[in-house]
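The lines below spell out each chain.
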Amino acid sequence: MSEAAHVPFTETKGPESAERLHRGALGLVDISASTMANIGPAYSFYFGFAGIVLAAGIGSPLVVLVAAVAIALLGNTLSQFSRAHPSTGGFITFVGKTFGGTSAVTTALVAGAGYIIAISSVLVISGGFLSIMIQYYTGTNIPWIIFSAIFTAGAMYMMFRGVAVSTRLAGFFFAFEMAVLFVVSIAVLFSGLALAFPLAIYLFIGWENSAALAEETTNPRRNVPRAVFLSVALMAVLYLLVAYATVTGFHYSATALTAPLIPFISVAHGVAAWLAFIAYLAGLTSTLGVLIAAVNSQCRLIFNAGREGLLPRWIGKVQPVRRTPVNAIITFVGIAGAITLVWALGHWIGGHGNSLDALNFFFESSTMGTILILFVYLAANVALPFYYRKYRPNEFNIIKHVVLPALGVIVVAVPIYYLFKPPQPQPYDWFPWVGLGLIAVAILYSIFLVRRDPGIGDRVGSIVADE
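The following paragraphs examine the structure supplied in this document. (Residues numbered from 1 in each chain as written. Predicted model: local features only at pLDDT ≥ 70, side-chain atom pairs only at ≥ 80, totals over all residues. Heavy atoms only, no water.)

## Remarks on the overall build of the chain
Here is step 1 of the chain: On a plain count of helices and strands, the chain comes out with 18 helices and 0 strands.
Here is step 2 of the chain: Rg of the C-alpha trace for the chain: 21 Å, near the compact-globule value of 23 Å for 467 residues, within the 12% margin.
Here is step 3 of the chain: Reported as C-alpha extents along the three principal axes, the dimensions of the chain are approximately 70 × 50 × 45 Å.
Here is step 4 of the chain: Here the chain holds 467 residues, and 58% of them are scored as buried. (Helix = DSSP H or I, 4+ residues; strand = E, 2+ residues; numbered from the N terminus. Rg over C-alpha atoms; globule rule 2.2 N^0.38 Å. Buried < 20%, exposed > 50% of the residue type's maximum accessible area, 1.4 Å probe, protein only.)

Pasting the structure below:
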């Protein structure tokens, strides 16, 4: 063991020799499939489209199109950063590298909280959807928590085995759900910007997945931007097809569209009973794909933050044989599970035990998580022009580095506005203030941490994916 390995360091200071992930394990197809599996078109569309229809009526496909354009603008920001400085830390590295240590720690805390809250909805709905499916076909009501625990344990086992194995499994699930969505939509078509905008943006959450896989990807400066735009483009086309098929299946009636719990499955059943069955299977595989791909990607954000000393250093350790961030995976899923438990206890104590169903938790936790994630997107768009002026002035481009991120700021501000705009039903009316409170606490803690360890700012972005 080297002498440097014995040098003491604080809880926030990273070790001298960085823990490295399995470099070169993934290619362009792998990270693209993982990104699209993270988006989870069946999962997102099944549970999100009904809310979009409530707000936008038969104009819902147009809202989805506008949301796709908005995500493409954000994709420019992520791609420009990834070309210049590919990092497993993603937005945490990009914002921190631009504005310093305090902003890095704040972004790490806010992004980590947002993604963990959002992933808790996936943990719950993975079992909840199978419970709904079993009850629909057999009339048997099996508690969703049993299936959720089994699926979560299975997903963690696959992620522990290695990034390539788990990523390709998520890609397989995505391929199945995409085929089902396409087949059902074509069958339906042949057989017969308002409040909806934030919900349409949520359909694409996970588009940034590939950035966190940069260190394990071959040629990340080229492949990460390609994966971002390829994934967004394909998802936009698929969502538009499925949206128009669903609207067509209900004969352009907004009233009929909002009646069923999951409109797309009702449309599939109207064409053929066997289509409804495979649509249910696609929803289940989609949810499992999101669970694997999202945890795989998003836990790497807090792993890198721990490795660079922004978060406790034990989070930044890798399993020595398979080079997987085991501690980050356990931390990520463990906190998400604790959030689920606190949510359940809150409903019981508040006398709302009858609302402890998986779908109710999905809507609440996904909304709360999205609020925090949107602020991270906002910070990244603001940071892009400053980063290029500071570190790459010779490459600075007004269109790519000012105009497009400025438009990105606008499109992110729209869903933030509607999520904050009163009146909101309970408990959604206090979610924005919880979000602002968490951000304020993160800023104060970050200031304290940087004063205690001024070297944090120098460590942000010190580990580049392809070096």
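## Some remarks on the side chain of Thr 217
Here is step 1 of the chain: With respect to the helices and strands, the residue Thr 217 is situated in the loop between α9 (209-212) and α10 (220-249).
Here is step 2 of the chain: When neighbours within four sequence positions are excluded, Thr 217 is seen to be in contact with Gly 24, Leu 26, Ile 31 and Asn 223. (Contact = heavy atoms within 4.5 Å.)

## Quick word on the nonpolar core
Here is step 1 of the chain: Core analysis: the largest hydrophobic core is formed by 147 residues, its most contacted members being Tyr 46, Phe 47, Trp 207, Val 295 and Tyr 377.
Here is step 2 of the chain: Once you skip the residues sitting within four places of it in the chain, Tyr 377 turns out to touch Leu 74, Phe 91, Tyr 115, Ile 205, Trp 207, Glu 208 and Val 412. (Core = buried A, V, L, I, M, F, W, Y, C linked by side-chain atoms within 4.5 Å.)

## Digging into the packing of aromatic side chains
Here is step 1 of the chain: By the definition in use, this model includes 27 aromatic pairs.
Here is step 2 of the chain: Relative to Tyr 239, the ring of Phe 45 has its centre 6.4 Å away and its plane inclined at 20°; by these criteria the two rings are stacked.
Here is step 3 of the chain: We classify Tyr 239 as buried; its relative accessible area is 1%.
Here is step 4 of the chain: Three or more aromatic residues link up through ring pairs in this structure, and these residues are Phe 45, Tyr 46, Phe 129, Tyr 136, Tyr 137, Phe 204, Tyr 239, Phe 264, Phe 277 and Tyr 280.
Here is step 5 of the chain: The ring of Phe 396 has Arg 389 sitting right over it, with the charged end atom 4.8 Å from the ring centre. (Phe/Tyr/Trp six-rings, centres within 6.5 Å; stacked < 30°, edge-to-face > 60°. Lys NZ or Arg CZ within 6 Å of the ring centre and 35° of its normal.)

## A few points about the environment of Ala 259
Here is step 1 of the chain: Within the secondary structure, Ala 259 is located in the loop between α11 (254-257) and α12 (263-271).
Here is step 2 of the chain: Given the relative accessible area of 66%, Ala 259 is considered exposed.
Here is step 3 of the chain: A C-alpha to C-alpha distance of 40 Å links Ala 259 and Leu 213, two positions 46 residues apart in sequence.

## Points about helix α14 (residues 326-349)
Here is step 1 of the chain: If you check α14, its first and last C-alpha atoms are 34 Å apart, about what 24 residues at 1.5 Å a residue would give, namely 34 Å.
Here is step 2 of the chain: Buried within α14 are the following residues: Val 326, Ala 328, Ile 329, Thr 331, Phe 332, Val 333, Ala 336, Thr 340, Trp 343, Ala 344 and His 347. (Expected span 1.5 Å × (residues − 1).)

## Details of the side chain of His 401
Here is step 1 of the chain: With respect to the element layout, His 401 can be found in helix α16 (residues 398-420).
Here is step 2 of the chain: At 2.9 Å, the side chain of His 401 and the side chain of Gln 80 are in polar contact.
Here is step 3 of the chain: If sequence neighbours within four positions are ignored, His 401 has contacts with Gln 80, Leu 384, Pro 385, Tyr 388, Glu 395 and Phe 396. (Polar contact = N/O pair within 3.5 Å; in protein donor to acceptor, adjacent residues only side chain to side chain.)

## Considerations on the packing of helix α15 (residues 358-391) against α16
Relative orientation and spacing of two packed helices are given, respectively, by the angle between their axes and the distance between those axes.
Here is step 1 of the chain: At a minimum axis distance of 9 Å, the contact between α15 and α16 shows a crossing angle of 160°. On the basis of their axis angle, the class for α15 and α16 is roughly antiparallel. Considering the relative orientation of α15 and α16, their crossing is left-handed. Taking contact as the criterion, the partners of Thr 367, Ile 371, Leu 374, Phe 375, Tyr 377, Leu 378, Asn 381, Val 382, Leu 384, Pro 385 and Tyr 388 in α15 are, on α16, Lys 400, His 401, Val 402, Pro 405, Gly 408, Val 409, Val 412, Pro 415, Ile 416, Leu 419 and Phe 420.
Here is step 2 of the chain: Of the residues assigned to the contact of α15 with α16, the class counts are 17 nonpolar, 4 polar and 1 charged. (Axes fitted to C-alpha atoms, helices over the stretch in contact; angles between N-to-C directions. Parallel < 35°, antiparallel > 145°, perpendicular 65-115°, else oblique. Left-handed = near helix turned anticlockwise from the far one by under 90°. Nonpolar A, V, L, I, M, F, W, Y, C, P; charged D, E, K, R; others polar.)

## Looking at the pattern of salt bridges
Here is step 1 of the chain: Applying the stated criterion across every chain yields a total of 4 salt bridges.
Here is step 2 of the chain: Across the pair Arg 392 and Glu 395 runs a salt bridge, and its minimum N-O distance is 2.8 Å.
Here is step 3 of the chain: Here Arg 392 falls in the partly exposed class, since its relative accessible area comes to 24%.
Here is step 4 of the chain: Taking the relative accessible area as the measure of exposure, Glu 395 reaches 44% and is therefore partly exposed. (Salt bridge = Lys/Arg side-chain N within 4 Å of Asp/Glu carboxyl O.)

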